[in-house]
Amino acid sequence: MIYQKHLHLPPIMPAEISSDLKMRIVKWYLHDDYSMEDIVDLAGVSLGLISKTISLYQQYGQVTNPLSLRTGRPKTLNEGDLRYLEEILRANPSLYLDELQLKLRLVRG
């Protein structure tokens, strides 16, 4: 008798869809008169995502919900850190990542 093992794998999170693709979905639907089913094939995304994207655009004039709260891990770098890194890279664009990290650590503490 052969026994089969059932693997229980966690679900894979779908990749985030870019705002550019979402705007293209809106264009296809509202301006080019494609059906949602056609867009599923063109964009390779679910019908639900297409419906939600078009609904958000019609409600807010953009493809993201401006009222949604940010989720996930808080940002590690603040605006000052980013400006500092931009200035360093402008002055010396050939720096390696470890050198940037060291300079930021020395300034930031």
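See the structure printed just above.
Anyway, here's the lowdown on the structure attached to this text. Here the structure is a predicted model, which means the values were calculated and not measured. (Residues numbered from 1 in each chain as written. Predicted model: local features only at pLDDT ≥ 70, side-chain atom pairs only at ≥ 80, totals over all residues. Heavy atoms only, no water.)

1. Some words on the packing of helix α1 (residues 19-31) against helix α3 (residues 47-60)
The geometry of α1 relative to α3 is characterised by a closest axis approach of 10 Å and an angle of 85° between their N-to-C directions. Classified by the angle between their axes, α1 and α3 sit roughly perpendicular to one another. Contacts between α1 and α3 pair K22, M23, I25, V26, Y29 and L30 from the former with L49, I50, T53, I54, Y57 and Q58 from the latter. When its residues are assigned to classes, the contact of α1 with α3 shows 9 nonpolar, 2 polar and 1 charged. (Axes fitted to C-alpha atoms, helices over the stretch in contact; angles between N-to-C directions. Helix = DSSP H or I, 4+ residues; strand = E, 2+ residues; numbered from the N terminus. Parallel < 35°, antiparallel > 145°, perpendicular 65-115°, else oblique. Contact = heavy atoms within 4.5 Å. Nonpolar A, V, L, I, M, F, W, Y, C, P; charged D, E, K, R; others polar.)

2. What about the packing of α1 against helix α2 (residues 36-43)?
Running from N to C, α1 and α2 point in directions that differ by 145°, and their axes come no closer than 10 Å. Viewed along their axes, α1 and α2 form a crossing whose handedness is right-handed. Each of L21, I25, W28 and Y29 in α1 lies in contact with α2, whose residues at this interface are M36, I39, L42 and A43. Of the residues that constitute the contact of α1 with α2, the class distribution is 8 nonpolar, no polar and no charged. (Left-handed = near helix turned anticlockwise from the far one by under 90°.)

Nothing here speaks to function; it is geometry throughout.
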